[in-house]
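Survey of secondary and tertiary structure
In case you want the letters, here they are:
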Amino acid sequence: MAEAKSLEVDLAGLKMSNPVILASGIMGTTPGGLARVAREGAGGVTTKSLGPEPREGHPAPNVVKVTAGYLNAMGLPNPGVEEYAGELEEVELEATVFGSIFAHDSEEFSRVARVMEPTVDALELNLSCPHAESLGAAIGTRPPLVEEIVSSVVREVNIPVFAKLTPNVSDITEIGRAAETAGADGVVAINTLPGMAIDVETERPILGNRSGGLSGPAIHPVAVKSAYDLYEAISIPIVGVGGIESGEDVVETMLAGATAVQVGTAIADRGMGVFRELNSWLADYLDSHQVELSELIGAAHDY
Amino acid sequence: MGKDKLRIKKINSVREETPSVKTFKVFDPPSARSDPGQFVMVWVPGSGEIPLAVSGVDDDCVDLTVKKRGSTTEDLHELEVGGKLGIRGPYGNGFSTPEEPSLLVGGGYGIAPLRYLHQKYSSEVRILVVAGASTEEELLFPDELDPVALSTEDGSRGFGGTVLEPLKKVLKEEEVEKVYASGPEKMIHRVLDICRGRNLELEASLERIMKCGVGICGSCLIDGFRVCQDGPVVDLDQLKELEEFGVWERTFSGKREPI
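The sections below set out a description of the structure shown in this document. Predicted, not measured: the structure shown is a model, and the values here were computed from it.

Another point: unusual backbone geometry. Cis geometry marks the peptide bond from A189 of chain A to I190 of chain A; its omega dihedral reads 20°. Position of I190 of chain A among the secondary structure elements: in the loop between β10 (186–189) and β11 (193–196). With an omega of 0°, the peptide bond running from G231 of chain B to P232 of chain B counts as cis. Along the polypeptide, P232 of chain B turns up in the loop between β14 (225–226) and β15 (233–235). The backbone phi angle of R210 of chain A is positive, close to 70°, even though this residue is not glycine. Secondary-structure assignment places R210 of chain A in the loop between β11 and β12 (211–215). A residue is classified by how much of its surface remains accessible, and R210 of chain A, at 55% relative accessible area, is exposed. The phi dihedral of N199 of chain B falls on the positive side, at around 55°, and the residue is not glycine. Locating N199 of chain B in the fold gives a position in the loop between α6 (185–197) and β12 (201–205).

Residues and elements named next belong to chain B. Counting 144 residues, the largest nonpolar core has V105, V179 and V191 as its most contacted members. Among all residues touching V105, those that are not within four sequence positions of it are L114, V130, V163, L167, V179, Y180, A181, S182, M187 and V191. Grouped together as the second largest cluster of nonpolar side chains are 19 residues, V21, L104, L114 and L140 included.

Moving on, we come to helix α2 (residues 71–78) of chain B. All names here are of chain B. Turning to α2, its buried residues number three or more, namely T72, T73, L76 and H77. Around the axis of α2, the buried residues are gathered within 140° of arc, so they sit on the same side. Exposed residues pointing more than 90 degrees away from the buried face of α2 are listed as S71 and E78. Where α2 is buried, its residues contact β2 (21–27), β3 (39–44), β4 (48–58), β5 (61–67) and β6 (84–91).

Residues and elements named next belong to chain B. Ordered by their spatial adjacency, six strands build a closed barrel running β1-β2-β5-β4-β3-β6, and the pairing between neighbours is antiparallel. Here the strands of the sheet are splayed against their neighbours by 45° on average, with no regard to which way each runs. Bridge count between strand β1 (residues 7–18) and β6: four bridges; the pairing is antiparallel. Each bridged residue has a counterpart across the sheet, and for K9 the counterpart in β6 is L85. Each of β2, β3, β4, β5 and β6 touches α2; the most contacted strand, β4, lies at about 50° to it. The strands touched by helix α3 (residues 112–121) are β1, β4 and β5; relative to β4, the strand with the most contacts, the crossing angle is about 20°.

Moving on, we get to the interface of chain A and chain B. Taken together, the contacts link 36 residues of chain A with 34 residues of chain B. When the two sides are added together, the surface that chain A and chain B hide from each other amounts to roughly 2900 Å², 60% of it contributed by carbon and sulfur. Among the residues of chain A in contact with chain B, M27, V63 and K65 of chain A are the three that bury the most area, contributing 16% of the side total. Applying the counting rule to chain A against chain B returns five salt bridges.

Residues and elements named next belong to chain A. Contact geometry for helix α6 (residues 172–181) and helix α7 (residues 220–233): axes closest at 9 Å, N-to-C directions at 50°. By the angle between their directions, the pair α6 and α7 is classed as oblique. With respect to the hand of their crossing, α6 and α7 are arranged in right-handed fashion. Contacts between α6 and α7 involve I172, T173, G176, R177 and E180 from the former and S226, D229, L230 and A233 from the latter. Its residues assigned to classes, the contact of α6 with α7 comprises three nonpolar, three polar and three charged.

Residue and element names in this part refer to chain A. It is the contact of α7 with helix α8 (residues 247–256), at a shortest axis distance of 7 Å, that shows an interaxial angle of 25°. Classified by the angle their axes make, α7 and α8 are roughly parallel. Contacts from H220, V224, A227, Y228 and Y231 in α7 reach D249, E252, T253 and A256 in α8. Here the residues of the contact of α7 with α8 are counted per class, giving five nonpolar, two polar and two charged.

All told, the structure shown has four aromatic pairs over all chains when counted by the stated rule. Ring geometry for F98 of chain A versus F162 of chain A: centroids 5.7 Å apart, planes at 70°, classification edge-to-face. Within this pair, whereas F98 of chain A is found in strand β7 (residues 96–101), its partner F162 of chain A is found in strand β9 (residues 161–165), the two being separated by 64 residues in sequence. Of the two residues examined, F98 of chain A and F162 of chain A, each falls in the buried class. The ring of F141 of chain B carries the charged tip of R115 of chain B above its face, separated from the ring centre by 4.5 Å.

Here we come to the sheet that holds strand β5 (residues 63–66) of chain A. All names here are of chain A. A sheet is described by the order of its strands in space; here four strands give the open sequence β5-β6-β12-β11, paired in antiparallel fashion. One side of each edge strand has no neighbouring strand; the edge strands of this open sheet are β5 and β11. Within the sheet, the average angular offset between the axes of one strand and its neighbour, ignoring direction, is 40°. Pairing analysis gives three bridges linking strand β6 (residues 69–72) to β12, with the strands arranged antiparallel. For Y70, the partnering residue across the bridge sits in β12 and is S215.

Residue and element names in this part refer to chain B. Taken as a whole and assessed by the stated rule, the structure comprises 31 salt bridges over all chains. Its salt-bridge partner being E17, residue R15 comes within 2.9 Å of it at the nearest N-O pair. With its nearest N and O atoms 3.7 Å apart, the salt bridge here joins D58 to K25. Here D58, found in strand β4, pairs with K25, found in strand β2; they are 33 residues apart in sequence, far enough to count as distant.

Attention now moves to the layout of surface pockets. Residue and element names in this part refer to chain A. In this structure, the second largest pocket occupies an estimated 400 Å³ of space. Residue contributions to the lining of the second largest pocket peak at four residues, all from helix α1 (residues 31–39). Of the residues assigned to the lining of the second largest pocket, the class counts are five nonpolar, two polar and 10 charged.

Conventions adopted
Residues numbered from 1 in each chain as written. Chains lettered and ligands numbered in written order. Predicted model: local features only at pLDDT ≥ 70, side-chain atom pairs only at ≥ 80, totals over all residues. Heavy atoms only, no water. Helix = DSSP H or I, 4+ residues; strand = E, 2+ residues; numbered from the N terminus. Buried < 20%, exposed > 50% of the residue type's maximum accessible area, 1.4 Å probe, protein only. Core = buried A, V, L, I, M, F, W, Y, C linked by side-chain atoms within 4.5 Å. Contact = heavy atoms within 4.5 Å. Arc of directions from axis to C-beta. Pairing = 2+ DSSP bridges. Axes fitted to C-alpha atoms, helices over the stretch in contact; angles between N-to-C directions. Buried area = accessible area lost by both parts, 1.4 Å probe. Salt bridge = Lys/Arg side-chain N within 4 Å of Asp/Glu carboxyl O. Parallel < 35°, antiparallel > 145°, perpendicular 65-115°, else oblique. Left-handed = near helix turned anticlockwise from the far one by under 90°. Nonpolar A, V, L, I, M, F, W, Y, C, P; charged D, E, K, R; others polar. Phe/Tyr/Trp six-rings, centres within 6.5 Å; stacked < 30°, edge-to-face > 60°. Lys NZ or Arg CZ within 6 Å of the ring centre and 35° of its normal. 1 Å grid on protein atoms, 1.4 Å probe; cavity = no way out; pocket = protein on both sides within 12 Å on 5 of 7 lines; lining within 4 Å. Points joined across faces, edges and corners; volume = space filled by probe spheres on them.

This is the structure:
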């Protein structure tokens, strides 16, 4: 009998036990939440995005269920990077830890990155939150700004730096190239798409912030296309994210070009067991197709 | 979509329970099929969204008992019959069915989910109630629940102080196998100690800041336990494993603060 295929993956030098990573914004509000997801079998976990100061986030409702997904407008709630990093130090995590950070400009990004660096294995720069004014996507849609921020953080820290990209641009590869030029070790694509839900009985927008970001199966094809296009455009690793809920979605995203994937909203629909389910499906797939995990990456580009 | 989809409902009736607490009756079959202890997310249009435990069921209507304690609950208190609410859920898990002599201990408006438990099972099994409130006029459902002992913080009725003293007294005098608790976390933390010391079973309903209700945003985490999905009802074995329980709470930003 052939030996079971390994799910281990090397992502920009990070050795992970499997390619399924918890996406930022989900369960990462506290280090205790990250520890839980690590125990549930994720190969990596990403913190909630941390900024220079504490933020309470947007008024509720923060989440609305829509067809094939969720709209959310959390508004980057976080206790501030110092507070979070202090708490993270107390916790042992059995997974690769990605520290997601946001800030207003390159100087502030660098400062937040410095505080985060000692407690995480890699950084993810949130250049793409669609519903916080003057943060996130306001920065991530401009290639020169992306380049400036990424290069400033890369100079500042000695751990891998990933840029999380917004799909809300006419050409995501321009932003991907800017990140690569600036020295990013990889990109994460995609963040949520802007969306809105209005209640017809009260005639009001439902979210407290009026509009928010769409996640879940509705955006999965957008994520696949983004990974596919980025794979053609850049040579640094791509982490695929957006509506991944099944093992098939993982393989599809890797065939498009992703080295690893992130999972978030699927927890709402599939529960905390989703990490083990995806990995077990993936292991069966590799076995039945007699293919190595690394051979999947970008394989759809052969056709 | 199912239960997660927002349902707009009109308020059928409003009852003033105490100077700071009202019960809103709403026709909503999905919530009316909830188990005692489960909660719904309630949107007050133009104001905010809050988690509320179901406090009773009457055919296809649910009771939502709300204490005025912030801007959204204040706006909700202004609503009258015919006013519109958005409801999603029910979420989380409920209390197990009481099968032996049981005691319900409720602090303040925390007694709301216990009232539904009492309503559903008190004709089938012996259920005693111990209740606490800030003052006599803030005692909730006194006629319906007919507490065997009670406390008020100002001593205006029953024991003066917390609900713990009358609880200990009743546990000494009555045959009880299982305790169901709901109220402030500090109170539940002490009730846990009392139950462990007496080898009693315990189930408690926890309350934390909740934003999504569907187990993803992380606002209600105690260690890695999601109160909205893994709770809000927890048993004694789960409670004693939670290191942050009764010690740290989380603000809206996720910052931890001592309870």
